[in-house]
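Residues per chain, in single letters:
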Amino acid sequence: MRRIPQPRPEIRSGDSSDDYEDPDQVFPKPQAVNLAEDPDQIYSKPQAVNLAEDPDQIYSKLQSVNMADRDVFLPVPGWGKGRYNSLCSDDELLDDDNEPISSHRSSWQDYGLSTLQGSVYLPVRGRVLAPPPRDGPSPEPCTVLKIGWLDKNPTQGSLYYQRRWVKLDVDYLRYFDNDKEVYSKRIIPTAAITGVTNVGEQKFEVATANRNFLFKAESDSERNEWVAVLQNFTRGHQEGSREMTSLVPPSFLTPGSPLTPEQQGYLELRGLRSKLYTVVSGDKVFLYKNMEDYRLGIGITSIDMNVGNVKVTDRRSFDLTTPYRIFSFLADSEQHKEQWVEAMRDAIGEALSNSEVANQIWAEPSNGCCADCGAAKPEWAAINLCVVVCKRCAGEHRGLGPSISKVRSLKMDRKVWTEELIQVFLLLGNERLNRFWAANIPPSEALSPTSCSEDRRRFISSKYRQGKYRKYHPLYGNQRELNNALCINVQCSDVLETLCLVFCGADVNCSTGQTDCPSPLSLALAHNQKLQAQFLSHNLNSELPHSEVTGDMEPQHYSPQHPVIHNGFLFKTASMVRPITERKAREEFSRRWCMLNDGNFSYYESDKTSTPNGALKSTEIVCLSVNTPERHGYDHTFELYSDSERLYLFGTDDQDSHKEWVKSITKMFIPSNAEALLRLSFERIGRLKYKDGLNLQSPRVGWFALVGSSLHAYLEDSEEEEEIHLRKLQELSIQQENEVLVLVERGRTLYIEGERKLDFQGWCVGIQKAAGSAGDSLSQQQLTEADIPVIVDRCIDYITQCGLTSEGIYRKSGGNSRVAALCEAFRRDARNVRLKEEEHQVDDVSNTLKRFFRESGEGLFTKQAASAWLSTPVIPEESKKISQYQLLLSRLPKVNKATLRALVNHLYCVQRFAELNQMNLHNLAIVFGPTLFQSDGKDFTAGRVVEELIEHYTDVFEVDEQQLKRQLDEITVIIKVREKLNLNSSVPASGSAGDFICTVYLEEKKETAEQHVKIPGSMTAAELTCEILDRRKIQVREKDYWSCWEVSQKEETERPLHHLERVLPILHSLGTDSHLLVKKNLAMEAILVYLASKVDVSKHGMVKFREERSILGLGLNTGSFHDRYFILNTVSLRMYKEVRSNRSEREWQVKNLRVYLGIKKKLRPPTCWGLTVIYKSEKQEKPEKQQW
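Fair warning: this is a prediction, and the values are worked out from it, not measured in the lab.

1. As for the overall build of the protein
Secondary structure summary: the protein contains 28 helices and 45 strands in total. Considering the protein as a whole, with its 1188 residues, one finds that 50% of them fall into the buried category. Taking the intrachain contacts of the protein between residues at least 6 apart in sequence as the baseline, contacts between residues at least 24 apart amount to 60%. Entry remark: accessible area of the protein is about 56,500 Å², with carbon and sulfur atoms responsible for 48%.

2. Section: the side chain of K728
Tracing the chain through its elements places K728 in the loop between β30 (722–725) and β31 (731–735). Sequence-distant contacts of K728, that is, excluding residues within four places in its chain, are made with L783, T784, E785 and D787.

3. What about the pattern of salt bridges?
Throughout the structure, instances matching the rule amount to 46 salt bridges. The salt bridge partner of D177 is R164, with a shortest N-O separation of 3.8 Å. Taken together, the positions of D177 in the loop between β5 (172–176) and β6 (186–189) and R164 in strand β4 (residues 162–169) put the pair 13 residues apart, joining distant regions of the chain. As far as the burial class goes, D177 and R164 line up, both buried. One salt-bridge network, held together by shared partners, links E824, R827, R828 and E855.

4. Focus on helix α26 (residues 1021–1031)
Of all the residues in α26, the buried ones are A1021, L1024, T1025, I1028 and L1029. For α26, the angular spread of the buried residues around the axis is 130°, confining them to a single face. Just past α26, the residue K1033 takes up positive phi, approximately 55°.

5. What to know about a nonpolar patch on the surface
A cluster of nonpolar side chains, namely I1087, L1091 and V1097, defines an oily patch on the protein surface of about 240 Å² accessible area. Mapped onto the elements of the fold, V1097 is located in the loop between α28 (1084–1093) and β39 (1099–1107).

6. A word on the pairing of strand β41 (residues 1132–1136)
Burial analysis of β41 places five of its five residues in the buried class, which makes it a mostly covered element. Once strand β40 (residues 1122–1128) ends, the chain turns through three residues before running back antiparallel as β41. With four bridges joining them, β41 and strand β42 (residues 1146–1149) adopt antiparallel strand pairing. Looking at β42, one finds that L1133 is bridged to W1148.

7. Notes on the environment of C517
In this fold, C517 is placed in the loop between α10 (495–502) and α11 (520–526). Sequence-distant contacts of C517, that is, excluding residues within four places in its chain, are made with T512, S522, L523 and A526.

8. Regarding the nonpolar core
Grouped together as the largest cluster of nonpolar side chains are 65 residues, with contacts concentrated most on Y810, W869, L900 and L949. Among the nonpolar cores identified, the runner-up in size contains 51 residues, and C373, C390, C393 and V508 belong to it.

9. Points about helix α15 (residues 790–802)
Compared with an ideal rise of 1.5 Å per residue, which puts 13 residues at 18 Å, α15 spans 18 Å between its outermost C-alpha atoms and is within 8% of the ideal. Residues of α15 that are buried: V790, I791, V792, R794, C795, I796, Y798, I799, T800, Q801 and C802.

10. Digging into the packing of α15 against helix α20 (residues 894–912)
Running from N to C, α15 and α20 point in directions that differ by 10°, and their axes come no closer than 11 Å. Between α15 and α20, the angle is such that the two are roughly parallel. Considering the relative orientation of α15 and α20, their crossing is left-handed. Across the interface between the two elements, V792, I796, I799 and T800 from α15 touch T899, A902, L903 and H906 from α20. Across the contact of α15 with α20, the residue classes tally to five nonpolar, three polar and no charged.

11. Observations concerning the sheet that holds β5
Pairing is antiparallel in the open sheet, where seven strands are placed in the order β6-β5-β4-β3-β9-β8-β7. Only two strands of the sheet have a single neighbouring strand rather than two, namely β6 and β7 (193–198). On average, each strand axis in the sheet is inclined to that of its neighbour by 30°, with strand direction left out of account. Of the strand pairs in this sheet, β4 and β5 are connected by four bridges, and their pairing is antiparallel. In the sheet register, K167 faces β5, and the bridge partner there is R174.

12. Comments concerning unusual backbone geometry
The phi dihedral of Q202 is positive, around 65°, even though this residue is not glycine. With relative accessibility at 18%, the residue Q202 sits in the buried group. If you check the backbone angles, E958 has positive phi at about 50° while not being a glycine. Positionally, E958 belongs in the loop between α24 (953–956) and α25 (961–984). You can call E958 exposed: its relative accessible area is 66%.

13. Some thoughts on the sheet that holds strand β11 (residues 275–281)
The antiparallel open sheet is built from seven strands, whose spatial order is β13-β12-β11-β10-β16-β15-β14. Unpaired on one side and paired on the other, β13 (301–304) and β14 (309–312) mark the two borders of the sheet. The sheet shows a mean angle of 35° between the axes of neighbouring strands, direction not considered. Sheet topology note: the strand β10 (residues 263–269)/strand β16 (residues 326–330) ladder contains two bridges and is antiparallel. Bridge assignment links L269 to a residue of β16, and that residue is F329.

14. Some words on the confidence of the model for the protein
Taken as a whole, the protein shows an average pLDDT of 78; of its residues, 79% reach a score of 70 or greater. Contacts from residues 240–259, a stretch scored under 50 in pLDDT, to residues over four places away or in other chains number 31 contacts. Contacts of residues 548–562 to residues separated by more than four positions or lying in other chains number 22 contacts, the stretch itself having pLDDT below 50.

Cut-offs and rules
- Residues numbered from 1 in each chain as written.
- Predicted model: local features only at pLDDT ≥ 70, side-chain atom pairs only at ≥ 80, totals over all residues.
- Heavy atoms only, no water.
- Helix = DSSP H or I, 4+ residues; strand = E, 2+ residues; numbered from the N terminus.
- Buried < 20%, exposed > 50% of the residue type's maximum accessible area, 1.4 Å probe, protein only.
- Contact = heavy atoms within 4.5 Å.
- Areas by Shrake-Rupley, 256 points an atom, 1.4 Å probe, with all protein chains shown as cover.
- Salt bridge = Lys/Arg side-chain N within 4 Å of Asp/Glu carboxyl O.
- Arc of directions from axis to C-beta.
- Patch = residues over 30% accessible without salt bridge, like charges linked within 9 Å, V, L, I, M, F, W, Y side chains within 5 Å.
- Pairing = 2+ DSSP bridges.
- Core = buried A, V, L, I, M, F, W, Y, C linked by side-chain atoms within 4.5 Å.
- Expected span 1.5 Å × (residues − 1).
- Axes fitted to C-alpha atoms, helices over the stretch in contact; angles between N-to-C directions.
- Parallel < 35°, antiparallel > 145°, perpendicular 65-115°, else oblique.
- Left-handed = near helix turned anticlockwise from the far one by under 90°.
- Nonpolar A, V, L, I, M, F, W, Y, C, P; charged D, E, K, R; others polar.
- pLDDT = per-residue confidence, 0-100.

Shown next, in the form of structure tokens:
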């Protein structure tokens, strides 16, 4: 009986128009049901989550949804006999387990599926809109061959078409509800497609072994494009499938992985009444309707586990959470649940960890393309042939058999990828290998990424089974000479030559004629050639190419040519076990013939001698130091340090020869990942152990180069070069007891350990010298993070704290001897000079600053630009004059510009308090004009420049007036506090520059725990903590994390200060109900472990939120907490109304947030785990406050 389609009813809120179907066509008598009446049919019971409860589970819990607030209805069928559609299988009938594949059920009742709109296999519950882009792992899509919208028809030929987003890649034909969906409604392996045919106007049919899929395009031309792509791509699949089926057991033929699934079976997906056949394979989870579909390879969807997270929710249930959807599964038993959870967590580990090997292999640029067809990002490799190939070529390689090509995955076969094997692939690379394997390819036979399977099979067989395109070795056909050449070559590092010999006929298992090393493999191991041994071990049973060469080839004798990097005469002293402190005369050197050969540096009595006097292997050299010219008898010398604590000194008078030797030797012992250091004009280069960041337990190996005042480093697990500006270090010290060099820079502390005393002493001396002042110019001084000389920063800070009220500041003269001593101390090591009021007088410090500027080499304005600065005051128009000053300022060197800004800012503040110090604008100009321009002071033009710079400070330097106002207010507070302390306390109010007396408590606020501490302006929270612990003689044990806390009794909150945060500004901002407390941070160890496990520093989830006052315009009731979804990264914190929101309600810059632990109890927080966050931007006068 022919059915007439009914008019399409109105789709109510919450329904998907794409999934709409005619109810009469599907079920006899549909009934409307409000989802709110029985939400558990569709949704498992979600729960609100507190961000602090479980930081590792981001999407595992969702806020409860009140379905009664939504007008959502779904048709519910009657249970009469008739034709039933599978919404979960996209309108295709389910296969009967007891019937042949080609037959279908006529009823859904045996499956017990609820008839939900949308995809029943992927229920509405748990569907999450894709969040904004975030750092971290994301699914890596296959190459997409064709994509677009098609109308899809059920296989029974229903008249009603459904719009589907269809995607064809190298693995699957998939279709989705829409182009935004991540998870498909159906996946059809391209290998399962048996034919593609046109079946009428705009229609085409995709046939598989058990069913056909009918699609309709919008035009015939579009239909023809789809058919052409599908037919071209699937050509040859039938033959390949038959070959694979004959070679591999059926259990291995699973989509997405050539391996046996780690876990497979039926699981119930919450929201459904039937079970899905679920398979965990490699780094993916596949969902199928039943086992038959799994065996045929036709599934519902696949889930990439590199974005997945698994959490147990009940005795038999667990959630698989992704950023796009939550899958809630129910196992048959608790034991089965544990097995599934373990398998899925293993899949997550596999997905997250294995990409590391691929990234390492791809570090060689030529490995980024398939060695056979050139496809990008190949993820497979033939470990015996040493080529990296794409997935499609890997399938054909596997068809050659393991005796010819041993195929392994870069991302799944983690155990096979040893460090040595990775190094072999990095050393050879696809480009170098193809000079052998693909030396003679006719253009007509070459592959491309779009080549069909049949062409790939023919080409790969010719290339590797027959060796048709290889470059023949000169010894080809001479077995004896090939074997002899192999035995010789495995003793050096030329792995490519060994590969050429082996695949041109050399016997990997031939006899070497040596009893202690009977085979080439043992010979390679005896000579410490690990990469050679790795290659040989994978080819012990390889089948060699067997094509014949046309024409006669003359047998040749193999003359081994070791790769000589460099040789020549050098002058050498006897090796030493102590650092060289005295000049070595020419007479102490001996002429030696030196040779770099295959990773060995050898020196001989002469160029006629065959036996070396001594040798150093590349693995024994740990450091090379280049001496300054003419330090010893020979003009150019360098030192080599060995791991056996010996020092070797070599010299020559030829500068070019010296440079070539240094370059060649360092290239020999520096690893490939640190070769960028060789481009630098280094003074010292080598290997050191270090600790930093979160890894303070076990030292790691790094490669360092000292270049001028910078230390360049390639640290372990780091792909990029790091540069440490030694003159900008906040602290540089040597712990003599355990030989550790401590480098403290902003945001990080680096501990360099002395593995060997001899070369470590040289590193310490070199780094200390490089970190000190090297001359009279500003750029050669020790600098702050802001590129201001430390001497300028310390003097300005001292005078700001202690001298702004000193009458005649900068006009009075200090003690000449004291000023000279202070200048010398700063010149020797400014970083360790601490200005203290009881030791240094204000006038001495002010004169030290003036003397520094007067004696600086190029001057603050530079000699070249000084005349331009001096000619600017004559410009009559003020706006043009300011523009000229700004132009000259922009042309100054970086350090000069930063220093001038800091000095003029200081002088501006000084003249603002002229009623106290009697130093107005004119007086300061008289003093600093001649000083800064290094003139005799007879011409006041220099004074006018300084006066105008101070007068127009905010315009010339484009100063933020709000920031300047805060600075002046802070100075005012400092002056008032000093006056108050001087009047009311017999204890001196200040000690060193800006020291103030402050009460700090130890562990708890009580009288016996009080400590009165002098707080200098430069004191950090870490220094204050150490000061308190030292006073109380508290020994810090391992895993004791002491820190300084800001505690507010009124707000019932506290926060740990950052270890580099300065204490003095905190003191100025503290209210009467706040204090500083030093105590242990009990959560620090857990924090370190959590951060160490994070791939990227980000966080997102649902949080209870309350705002102090309704300034956001959200209409929130400030008296209660509201659920909001937050996303935090290193730059910003964004707030969304709910998980599914696409646009954030509010965004805050992280740098402007201050986070306190705790919430005031009278606000009635929903949990005891809360945060109080204060946000204040530079333009905002009053801060915002929120509670979470």
